[in-house]
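Report on the structure
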Amino acid sequence: MSELLTPTDRPPEHSDDDPVRVRRITTARQPTSAAALLPTVALIGNPNSGKSSLFNQLTGLRQKTGNFPGVTVDKKVGFCSLTDGLQAKVLDLPGTYSLYPKSLDERIVLDILANAQSPDYPNVAVVVADASNLKRNLLLFTELRDLNIPVVLALNMLDVAQQAGLMVHTEQLRRELSIPVVAINARNGEGLLRLKQAIQQVLSSGNQADSPYFDSHAYAPGLIDEIKEAFSLPNDYLALHYAHQYAKLSFLNVLQRKIIQDLCEKHRFENPVLQARETIARYEIIGRVVAQSVTLSDHDERESFSHRLDGILLHRVGGYAVFFGILFLIFQAVFAWASYPMDWIDAGIASLNAFIKDHLPESPLVDLLTDGLIAGMGGVVIFIPQIAVLFAFISVLEESGYMSRVVFMMDKLMRKFGLNGKSVVPLISGAACAVPAIMATRNIGSSKDRLITIFVTPLMSCSARSP
Ligand code: GDP
Ligand code: MG
């Protein structure tokens, strides 16, 4: 039966010299372009842990970084030279909390990591973890580890952790997890060299886990063994994911899915029960690790500037006053201030048309050019000032961190309408103009919330529709 299936040619669990790279080069299905031969380094981590910032630092490519979960929906690829001049392909994967996907973004990650034949399958995974929220961030790390993917832990946001009064001991963490742990600052590029060295080291010598964080085999021995055999999988945890999520793994064909389904039925495999157990087991271990390596510092920065500012910005009355003040400002800018450049564009187009009409003979072709093409493009271009103004405001709110406060304040109210805290800005600016307002919804992380906001925004009566 196993000839029928495409066996994943993952390296055996205990081979010595960089098996994954050898596999990449020898796999027949790989495209033979130079890029395909480079080792792949995937940046993986929770949303907002700093993956895209690190990606920019490593690759030097420009790319948008924002404050919201899920900005990075597309796959982003770049290249980076490691310490000894070795080139590596760097992937910025969508933010994900665990290998049990809840969104399309997370599914992309599962699809790559569960498939050793994927051209994006990493030789090294750099888990970018937000040090200020280490527990939640380490869940994904333990899962990757159980898949036996070579990992480096990049500890980011240490400045944020410090502000929150947390001391994260990198050295202790390295001992607890027995993998390279590198403290970085993805924003300013601190620790980048050490990270590259760690990547290089793991690339050349790998890092196999001694024992899994979660022993999947103990929970469903028969099933795991049969799936491993049928698909020639080298790894128990991978087999467990096949059992759990065969329907979500796009690289499995109908026949393969049917085989897994039958095996699950045969062994009476109970998905939700096992998944809950797994999560609990993982958090137990993570809890111990974090207790060992994170301590509370007694510092007086707590009453720092940002804390005092939050006292105002999140105040029950004052917070809303500030928020509506800012909204008013945005509204005013989009509605009134942007009208000046819009008038200029309008006048410019009109005079261009007049100029052409004056200087060319009257003909249908000239009409097409002036009343058709130029007027038509003008109708689009005229929105640019509004869009630019709104986006400038939104970027400032995002980068300053104010947007997260807005979400915190508005989420409870907006949830009642099935909307998101972030829907407020598009909705309000929709009253000025729906075009930039709908574009502004891109900052909403959840695609469902984003769609609802997009559908609702045109119901705000915009300036053009009022008449
Ligand atoms: P991603 O969702 O994982 O791609 O995260 P991003 O790279 O988009 O980063 C989210 C936000 O965190 C951005 O505003 C970054 O500027 C910021 N950020 C990234 N690294 C650090 C860091 O080490 N310290 C601080 N304070 N902010 C950071
Ligand atoms: Mg990103």
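Note: the structure precedes this text.
Residues numbered from 1 in each chain as written. Chains lettered and ligands numbered in written order. Predicted model: local features only at pLDDT ≥ 70, side-chain atom pairs only at ≥ 80, totals over all residues. Heavy atoms only, no water.

Things to note about the overall build of the protein
Quick note on the threshold: A run of DSSP states H or I qualifies as a helix once it reaches four residues; a run of E qualifies as a strand once it reaches two. Both are numbered from the N-terminal end. Three exposure classes are used, based on accessible area relative to the maximum for each residue type with a 1.4 Å probe and protein chains only: buried under 20%, partly exposed in between, and exposed over 50%. What makes two residues a contact is simply this: any of their non-hydrogen atoms within 4.5 Å. Only the protein chains shown count as cover for residues, and all accessible areas are computed by the Shrake-Rupley method using a 1.4 Å probe.
Secondary structure summary: the protein contains 22 helices and eight strands in total. Across the 467 residues in the protein, those meeting the buried criterion constitute 47%. Considering only contacts within the protein whose residues lie at least 6 apart along the sequence, 70% involve residues at least 24 apart. Carbon together with sulfur atoms contributes 60% to the accessible area of the protein, which is approximately 22,900 Å² in total.

Here we look at the pattern of salt bridges
Heads up, the rule is: Whenever Lys or Arg places a side-chain nitrogen within 4 Å of a carboxyl oxygen from Asp or Glu, that contact is recorded as a salt bridge.
Tallied over the entire structure, the rule returns eleven salt bridges. In this structure, the salt-bridge partner of K266 is E226, at a minimum N-O distance of 2.6 Å. You can see K266 sitting in helix α12 (residues 254-266) and its partner E226 sitting in helix α10 (residues 221-231), a full 40 residues away along the chain. Owing to a relative accessible area of 53%, K266 belongs among the exposed residues under this scheme. Using a relative accessible area of 27% as the deciding quantity, one classes E226 as partly exposed. Across the salt bridge formed by D411 and R415, the nearest N and O atoms sit 3.4 Å from each other. With D411 and R415 both in helix α19 (residues 402-415), this residue pair falls four residues apart, about one helical turn.

Remarks on helix α4 (residues 104-113)
Most of α4 is tucked away: seven of the ten residues are buried. Burial in α4 covers these residues: D105, E106, V109, L110, D111, I112 and L113. Where α4 is buried, its residues meet β1 (40-44), α5 (134-146) and α11 (236-245).

Points about the sheet that holds strand β2 (residues 76-81)
Definition in use: Whether two strands pair comes down to DSSP finding at least two bridges between them. The axes are straight lines fitted to the C-alpha atoms, using for helices just the contacting stretch, and the angles between their N-to-C directions are given from 0 to 180°.
Strand order in the open sheet formed by six strands is β2-β3-β1-β4-β5-β7, and the pairing between neighbours is mixed. In the strand order of this sheet, the two ends are held by β2 and β7 (181-183), each with one partner. Ignoring strand direction, the axes of neighbouring strands in this sheet form an average angle of 25 degrees. Where β2 lies against strand β3 (residues 87-92), six bridges are found, and the strand directions are antiparallel.

Remarks on the site of ligand 1
To keep it simple, the criterion reads: Consider each residue's heavy atoms; a residue with any of them within 4 Å of a molecule or strand counts as near. Polar contact is defined as a pair of N or O atoms within 3.5 Å, subject to the rule that within protein one atom must be able to donate a hydrogen and the other to accept it, and that residues adjacent in sequence are counted only when both atoms are side-chain atoms. Lys, Arg, Asp and Glu make up the charged group, whereas Ala, Val, Leu, Ile, Met, Phe, Trp, Tyr, Cys and Pro make up the nonpolar group; the residues left over, Gly among them, are polar.
In the vicinity of ligand 1, 18 residues are found, and the nearest of them are N48, K51, S52, S53 and D159. S52 has a polar side-chain atom sitting 2.7 Å from an oxygen atom of ligand 1. M157 places a main-chain nitrogen or oxygen 3.3 Å from an oxygen atom of ligand 1. Protein chains bury 92% of the 580 Å² of accessible surface belonging to ligand 1 in isolation. For the shell around ligand 1, the secondary-structure elements that each account for two or more residues are α3 (51-59) and α6 (158-163). With three residues, the single largest contributor to the shell around ligand 1 is α3. Classifying every residue of the shell around ligand 1 by side-chain character gives four nonpolar, eleven polar and three charged.

Here's the deal with the nonpolar core
Most often, soluble globular proteins keep nonpolar side chains buried together rather than apart. Going by this rule: For this analysis, a nonpolar core means a set of buried residues of the types Ala, Val, Leu, Ile, Met, Phe, Trp, Tyr and Cys, connected via side-chain atoms within 4.5 Å.
Core analysis: the largest hydrophobic core is formed by 63 residues, its most contacted members being L153 and I227. Discounting chain neighbours no more than four positions away, the residues touching L153 are V127, A129, L138, F141, L173, L177, I179, P180, V181 and V182. In terms of nonpolar packing, the next biggest core, distinct from the first, is built from 23 residues, V152, A154, L192 and V202 among them.

Digging into the packing of aromatic side chains
Just so we agree on the cut-off: The rule is short: rings of Phe, Tyr and Trp, with Trp giving its six-membered ring, pair when the centres are within 6.5 Å, and they are stacked under 30 degrees, edge-to-face over 60, tilted in between.
With the rule as written, the count across this model stands at six aromatic pairs. With a centroid separation of 5.2 Å and an interplanar angle of 65 degrees, the aromatic rings of F231 and Y242 are classed as edge-to-face. Residue F231 is located in helix α10, and its partner Y242 is located in helix α11; the two are separated by eleven residues in the primary sequence. By relative accessible area, F231 is classed as buried at 2%. Overall, the relative accessible area of 1% leaves Y242 in the buried class. Taken together, a centroid distance of 5.4 Å and an interplanar angle of 50 degrees make the contact between F323 and F324 tilted. Of the residues examined, F324 reaches a relative accessible area of 43% and is grouped as partly exposed.

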